[in-house]
Amino acid sequence: REAKAGTVRRSNTREPLACHEDGFGRNMKVDKATPQEPSYPQSLEKTSKSPENVPKQGRPSASCIPRPPHKPRPANLSRPGKSLEEMVRGRRLKTSQESLTDPAETSSSADSLKGESPTLLVSNTPTVPSSGSNVVEDLPDSAASNAPPFRDRCDSLPAMEGVRAQSVHGDRWSDQNFRPSKMILSPLQPSVALPAIQSCASSTLLRTTNRIDKDCMDYDVSAKEGLDGIRRNLSDSRLLEAMVSDNSSVSSMKSTFSVLTPIRPKDVRNRSFLEGSLLGNGALLGADELNRYFPERHVGVYIATWNMQGEKGLPSNLDDLLLPTDTEFAQDFYIIGIQEGCPDRREWEIRLQETLGPYYVMLYAAAHGVLYLTIFVRRDLIWFCSEVEHATVTTRIISQIKTKGAVGVGFTFFGTSFLFITSHFTSGDSKVYERIIDYNKIIEALALPKGLPDTNPYRSIASDVTTRFDEVFWFGDFNFRLNMDRPGVEEILKHNMGNNMEPLLQHDQLIKEMKDGSIFKGFQEAPIQFLPTYKFDIGCDVYDTTSKQRTPSYTDRILFRNRQLDDIKVLKYATCSTMKTSDHRPVIGMFQVRIRPGRDNIPLGAGQFDRGLYLEGIRRRISRELKRQEAMKNQKNSVVCSVS
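Under an unreviewed UniProt entry, the name given to the chain is Phosphatidylinositol polyphosphate 5-phosphatase type IV, and the organism recorded is Denticeps clupeoides. Comment text from UniProt for the chain, heading Subunit (unreviewed entry), reads "Interacts (when prenylated) with PDE6D; this is important for normal location in cilia."

(A) Representation of the pairing of strand β15 (residues 587–594) within the structure. For β15, the tally of buried residues reaches six of eight residues, placing the bulk of the element in the interior. Pairing of strand β5 (residues 298–307) with β15 involves eight bridges; the strand directions are antiparallel. Following the sheet pairing, Val301 is matched in β15 by Phe591. Of the strand pairs in this sheet, strand β14 (residues 568–575) and β15 are connected by seven bridges, and their pairing is antiparallel. Looking across to β15, one finds that Tyr573 is bridged to Gly589.

(B) Representation of the packing of helix α11 (residues 345–356) against helix α16 (residues 611–637) within the structure. The geometry of α11 relative to α16 is characterised by a closest axis approach of 8 Å and an angle of 60° between their N-to-C directions. Compared by their axis directions, α11 and α16 come out oblique. Relative to α16, the crossing made by α11 is right-handed. Contacts between α11 and α16 pair Arg346, Glu347, Glu349, Ile350, Arg351, Gln353, Glu354, Thr355 and Leu356 from the former with Gly612, Leu613, Tyr614, Glu616, Gly617, Arg620, Arg621 and Arg624 from the latter. A per-class count over the contact of α11 with α16 returns four nonpolar, four polar and nine charged.

(C) Layout of the side chain of Arg585. As for its placement among the helices and strands, Arg585 is situated in the loop between β14 and β15. Judged by its relative accessible area of 3%, Arg585 is buried. Of the polar contacts made by the side chain of Arg585, one reaches the backbone oxygen of Ser582; its length is 3.4 Å. Apart from the residues within four sequence positions on either side, Arg585 is in contact with Trp306, Thr533, Phe536, Cys540, Asp541, Asp556, Thr575, Cys576, Ser577, Met579 and Lys580.

(D) Just the UniProt feature "transmembrane region" (unreviewed entry) in the chain, in detail. Per the UniProt annotation, the sites labelled "transmembrane region" (unreviewed entry) are residues 359–377 and 406–425. Annotated as 0% helix and 84% strand, the span residues 359–377 places its first and last C-alpha atoms 9 Å apart. For the annotated span residues 406–425, helix accounts for 0% and strand for 85% of the residues, and the straight-line distance between the end C-alpha atoms is 8 Å.

(E) Here's a closer look at helix α15 (residues 509–516). Taken together, the buried positions of α15 are Gln509, Leu510 and Glu513. Here the buried residues of α15 occupy an arc of 95° about the axis, which is enough to place them on one side. Here the buried face of α15 lies against α12 (432–445) and β13 (556–562). Two or three places before Leu510, at the opening of α15, Asp508 has a side-chain oxygen 3.2 Å from that residue's backbone nitrogen. Remark: Gly517 follows α15 within two positions and exhibits a positive phi of approximately 80°.

(F) Expanded view of the nonpolar core. Among the nonpolar cores identified, the biggest contains 55 residues, and Phe413, Phe420 and Phe473 are the most heavily contacted of them. Not counting residues up to four positions away in its chain, the partners in contact with Phe413 are Phe294, Val299, Phe333, Leu381, Phe384, Cys385, Phe418 and Ile595. In terms of nonpolar packing, the next biggest core, distinct from the first, is built from 25 residues, Tyr334, Trp348, Leu352 and Tyr372 among them.

Rules and cut-offs
- Per chain, residue numbering runs from 1 following the sequence as it is written.
- pLDDT decides what is reported in this predicted model: residues at 70 or higher carry local features, side-chain atom pairs at 80 or more are listed and counted, and totals for whole chains, interfaces and linings draw on all residues regardless.
- Computation of side-chain values: all heavy atoms of the structure, hydrogens and water removed.
- UniProt positions are given in the numbering used here, feature names are shortened, and annotations may be inferred rather than shown by experiment.
- Note on classification: 1.4 Å probe, protein chains only; a residue is buried when its accessible area is under 20% of the maximum for its type, exposed when over 50%, partly exposed between these limits.
- Counting from the N terminus, the helices are the DSSP runs of H or I reaching at least four residues and the strands are the DSSP runs of E reaching at least two.
- By this definition, two strands are paired if DSSP reports at least two bridges between them.
- Note on geometry: axes are C-alpha line fits, over the in-contact stretch for helices, and angles between N-to-C directions span 0 to 180 degrees.
- Here the angle decides the label: under 35 degrees means roughly parallel, over 145 means roughly antiparallel, 65 to 115 means roughly perpendicular, and every other value means oblique.
- Each helix crossing is assigned a hand: it is left-handed if the near helix lies turned anticlockwise from the far helix by less than a right angle, otherwise right-handed if that turn is clockwise.
- Here, two residues are considered to be in contact whenever any of their heavy atoms come within 4.5 Å of each other.
- Polarity classes work like this: nonpolar for Ala, Val, Leu, Ile, Met, Phe, Trp, Tyr, Cys and Pro, charged for Asp, Glu, Lys and Arg, and polar for all others, with Gly in that last group.
- Side-chain atoms alone can form a polar contact between residues adjacent in sequence; in general such a contact is a pair of N or O atoms within 3.5 Å, and within protein one must be able to donate a hydrogen while the other accepts it.
- Note: the arc covers the axis-to-C-beta directions of the helix.
- Residues belong to a common nonpolar core when they are buried Ala, Val, Leu, Ile, Met, Phe, Trp, Tyr or Cys residues joined through side-chain atoms within 4.5 Å.

Next up, the structure:
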């Protein structure tokens with residue numbers, strides 16, 4: 001083809017091609033040489049003849065003629081209805097699609113990330129004007145402002161920034177002399193700077209790569225803790241050797257598999273899950289497991305004591321007794337002592353299991369006549385409990401009458417021994433001496449421990465069972481009264497509307513005897529800030545209105561003692577005023593107890609609990625919930641709307 005027809009011959013030899021941009025900002029490839037000297041516009045004549053545009057040997061000439069399009073469109077077939085912006089947009093879309101599908105396009109797009117001014121660039125290479133179009137003019141301002149930024153990719157030709165030209169024929173582009181070059185779209189630039197990749201195991205990018213859920217808040221907690229927090233959460237401190245010294249690595253492993261701490265096969269081979277010495281690595285009752293479950297080495301104990309007055313009917317709801325709403329968390333152990341319990345003891349235990357739900361299992365239950373003592377523990381802590389032992393003592397002259405006396409339960413949790421005693425002493429306002437005798441008989445006759453080892457035999461006394469355990473809780477109906485007449489007590493209660501019960505406690509028999517050292521030696525009691533718990537009329541908050549007119553008194557108490565100083569901390573000591581089915585009000589106490597690692601001489605209970613009671617309690621809990629939902633549904637359906 002001839003050059004005047006708008007075409008250019010291709011050279012058969014593979015030589016470097018010069019490159020420049022057309023009026024659309026696109027790269028164009030031209031041959032090294034041209035068959036004839038083209039005619040230049042006057043505006044570009046001086047530039048094209050400059051020495052820097054003179055072709056050199058082995059280099060492409062800058063005065064080459066660009067290739068025409070593959071299929072030139074006649075001027076009479078152009079669409080006069082299209083605007084300049086639409087034509088530019090359509091041509092850019094077409095060439096970009098060709099570039100995306102062309103595997104031979106290998107030019108880099110890294111340069112496009114640099115900011116450029118929004119102008120259309122043309123090279124200093126002259127073009128052959130077509131007939132009727134021999135003048136090069138500037139683009140309109142509207143077209144220049146709407147055009148996207150482009151950059152000249154050809155480093156062999158000098159860029160002429162700011163030069164904008166267009167060959168105009170009416171309102172149409174005369175693009176017969178321009179061959180549409182292949183163009184790569186500039187990549188989208190982010191609105192904000194991308195974050196730098198961090199090498200820390202807790203970085204956001206690494207957590208996203210590992211697909212950690214956003215609701216895993218362990219990263220916030222782990223960021224505040226040090227390396228000691230990792231050691232507390234590991235079942236074996238040797239696991240740290242193969243892990244990054246960062247809490248997030250452990251948390252990531254937990255989030256990926258489960259909330260349980262991972263265990264290596266090597267640790268399973270080397271450790272003993274049933275026994276181990278105090279300093280043994282990997283012992284079930286050792287320091288590693290204790291720190292893993294209780295980093296601060298404190299366990300929560302909830303104690304409730306209640307004289308039920310032998311009522312057959314149980315309260316409809318025990319939530320207020322065991323799960324008060326003013327506490328943030330439930331405790332690890334629940335110990336319930338009952339005096340004058342209901343005839344159906346099994347029904348009472350099922351009700352307790354139904355109230356505590358599937359989180360707790362009954363570790364042990366013992367009874368002495370109408371004295372009941374029940375112990376519940378969190379189900380995931382049962383493996384750290386030893387075998388449970390119990391003993392009973394009657395304080396009646398006739399041993400067959402089991403209404404007064406005591407029942408005690410002892411066991412070891414990790415390396416700390418516990419003893420829980422519930423008792424019912426002799427009643428009567430003036431029988432203080434008889435109650436002291438009951439106490440002395442119990443501490444001497446309660447045969448505990450039987451097979452459990454004494455954790456500190458050097459502090460034990462053979463005649464006092466309370467000295468043979470680390471932590472002792474003694475609670476029940478002690479029947480100690482106030483040495484005042486009823487009118488005097490009522491007068492104090494009438495004028496005292498706060499929690500200061502000191503005017504009444506000055507006349508308390510138990511406090512006086514404890515100060516004298518005649519009873520409960522070494523025991524302590526939390527400050528009393530509640531009303532007397534005895535004696536009420538059934539179903540109301542009025543004290544005894546019968547003919548006996550008994551004096552209100554603090555008969556129901558919770559006492560504690562410990563071998564080590566400050567091992568027991570009182571969190572709450574109060575009464576449950578909503579339980580009104582008896583003439584006594586229940587008394588509850590919450591305690592924080594310090595625990596220590598165990599030794600290999602502690603016989604383990606191996607997770608034993610009352611399975612039948614557990615299943616029955618859960619079944620009743622589900623049935624109760626279904627009934628409640630059905631009642632709410634019926635209530636909604638029975639609502640009648642009335643128009644006044």
